[in-house]
Amino acid sequence: FSGRSLSQSKRPAMAGKQPKDAFPLLKSAEILQCLNELGIASSEDDLLHPTGLKVQHIYASFNELLLHRKREDMAQPDFEGLQELEFPELHEQSVPMIGFLSACQKLMAIAGVGDFTMSDLIKPEARRVRRSLSAVINLAKYHEDKLPGYMQFSQETDALLNAKASLEEESERLLSARRQAEQRRAEEEPALQQMEAENEQRQVTVRELFNSHTAILNESHALKAKVQETRDASRGLSFELLNAREEAESLRKQIAPDPRALKDELQALHDAVALEKAALKSLEGKCSDAAKGAAAIEAAEGQLDELARLQAEAEAEAQRLKETRRGIKAVAGSTLGLETERAELAHQVRAVTQRIGHCKERLERQKEQHAAKEEDARAALSLAERQWGELSEERERHERQQDDSELALRELRDKHLYARMEHEAVAARLQQLQQKLSLQVRAYHQTVLSAMGSASESTQGLAAQGVAC
């Protein structure tokens, strides 16, 4: 309380007989010690022989300490019809006193004293002053005990709100990154379509080249068969020529030499040799043409092999392109799932915010009900001043109302604690889901970058092959 605190070791404990009031009745020495610790100057004579001025000073100090209301503020009457009265100067003194009495009654009602009246301020009694101060000191100690917990809960609430704001900022950043990735994908879509069109054209060209390669290969096999037949025919003619020469030599040895016949025979043989030489030259020309055709066929086969290799590379590039498109579709599906999870998280955050708002509304309603009960208590106290005979019954009724209020307050605190625990669990779950979303988006970026790199390398390879061809 503004640097003033009560000693923890000097707090009295209720032992033995249970008192009628809900607070322990302190001794005069204990009351003086607590007042001195709180910085309120007083003496034992002030407690044994109290005066109106002294107890008003003590109660004003407690009002300022616990309710944060100074007596100077309550001494300024706000009464618009004051000048219409016959003696306004009398009411200028009574209105501040009534305001001070109302503040003291509010403080005493909170502390557990329900029968505090004007007499306790003007003509105080030692017994009632001791009882009232015991109740207020007990309230001050309770307030001091609960203040650190309240501050801790307030700090935790602020930390959760800051964490929620940071998570919302991170979510917006991830959404912006996702929109940028979608924009880049839309910008790359024309290039992808162009690559697909070029790939289809290359596939048509490869199919045409493959058909041409098949036709040339068939023609090459036919030419090889013809060359082989020509070679076989040439070998057969050479073998027949050799046999003819051997036969001519054997006949030359058997026939008697006749110069004319021999000359004619030699001329015939010479003509036959000339014909055979001409036929041999013709066969050699055909063999040369067949060899040239075979070389052309081998060159064509090399080109066809190169075309087949290019076709295999083009098919591999087409397969990679299909796999890249499937990967892009899978990444788009995962992005849609992440968007759904983000929407669920936003819904959960809104639900938690609504629950907090409901708790605040319930708290406000409880405050209003408490204020209404305080008004009822003041009215009952005014009635009690006029009807002393019904004092006991009114006191019991107010005690029951106070018990109900304490029960409602405890239930409200339990609900607040439960709501705070739920809020902490939801915040932890939000943080885990946000980390998961960040990892998935990072994986998506890496997949898109690798796909772009593969597509660029394949395009450059196809361009280089086209230039080489």
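Criteria and cut-off values
Here, residues in each chain are numbered from 1, in the same order as that chain's written sequence. Only residues with pLDDT of at least 70 are given local features in this predicted model, and only at 80 or more are side-chain atom pairs given and counted; all residues enter the totals for whole chains, interfaces and linings. The basis for the side-chain values is all heavy atoms of the structure; hydrogens and waters are excluded. Under the scheme used here, helices are H or I runs from DSSP no shorter than 4 residues and strands are E runs no shorter than 2 residues, and both carry numbers assigned from the N terminus. Per-residue accessibility, obtained with a 1.4 Å probe over protein chains only, is compared with the maximum for each type, and a residue is labelled buried under 20%, exposed over 50%, and partly exposed between these values. Here, residues are in contact when the closest pair of their heavy atoms is within 4.5 Å. Accessible surface area values rest on a Shrake-Rupley calculation with a 1.4 Å probe, where residue burial reflects the displayed protein chains alone. Residues belong to a common nonpolar core when they are buried Ala, Val, Leu, Ile, Met, Phe, Trp, Tyr or Cys residues joined through side-chain atoms within 4.5 Å. We define a salt bridge as a contact between a side-chain nitrogen of Lys or Arg and a carboxyl oxygen of Asp or Glu at a distance within 4 Å. Exposure above 30% relative accessible area and the absence of a salt bridge qualify a residue for a patch, where like charges join within 9 Å and nonpolar side chains (Val, Leu, Ile, Met, Phe, Trp, Tyr) within 5 Å.

Draft legend 1. Local environment of the overall build of the chain. When helices and strands are tallied, the chain shows 9 helices and 0 strands. Shown N-terminal to C-terminal, the secondary structure of the chain runs as helices and strands in the order α-α-α-α-α-α-α-α-α. Burial analysis of the chain (469 residues in total) assigns 26% to the buried set. The long-range fraction of contacts in the chain, counting pairs at least 24 apart against all pairs at least 6 apart in sequence, stands at 78%. In the structure as shown, the chain presents an accessible area of about 31200 Å², 55% of it carried by carbon and sulfur atoms.

Draft legend 2. Representation of the nonpolar core in the model. Counting 33 residues, the largest nonpolar core has Ile31, Tyr59, Phe62, Leu66, Phe116, Leu121 and Leu133 as its most contacted members. Among the elements of the structure, helix 1 (28–37), helix 3 (52–67), helix 5 (88–111) and helix 7 (126–254) are those that each provide at least two residues to this core. Residues Leu167, Val349, Val426 and Leu430 belong to the second largest nonpolar core, which totals 5 residues.

Draft legend 3. Geometry of the pattern of salt bridges. Tallied over the full model, the rule gives 9 salt bridges. Of the charged contacts in the structure, one is a salt bridge between Glu170 and Arg173, with a shortest N-O distance of 2.2 Å. Placement of the pair is Glu170 and Arg173 together in helix 7, with a separation of 3 residues, close to one helical turn. Judged by relative accessible area, which is 24%, Glu170 ranks as partly exposed. On the basis of relative accessible area, Arg173 is assigned to the partly exposed category, the value being 47%. Arg178 serves as the salt-bridge partner of Glu182, at 2.9 Å between the closest nitrogen and oxygen. Highlighted residues: Glu182 and Arg178, both in helix 7, separated by 4 residues, approximately one helical turn.

Draft legend 4. Quick look at the environment of Leu409. Inspection of the secondary structure puts Leu409 in helix 9 (residues 391–468). Residues Leu409 and Lys367, spaced 42 residues apart in sequence, show a C-alpha to C-alpha distance of 10.0 Å.

Draft legend 5. Molecular detail of a nonpolar patch on the surface. A grouping of Leu147, Tyr150 and Met151 is seen on the molecular surface, where their side chains present a nonpolar patch of about 300 Å² in accessible area. Relative to the helices and strands, Leu147 is located in helix 7. Looking at Leu147, the relative accessible area reads 34%, which means it is partly exposed.

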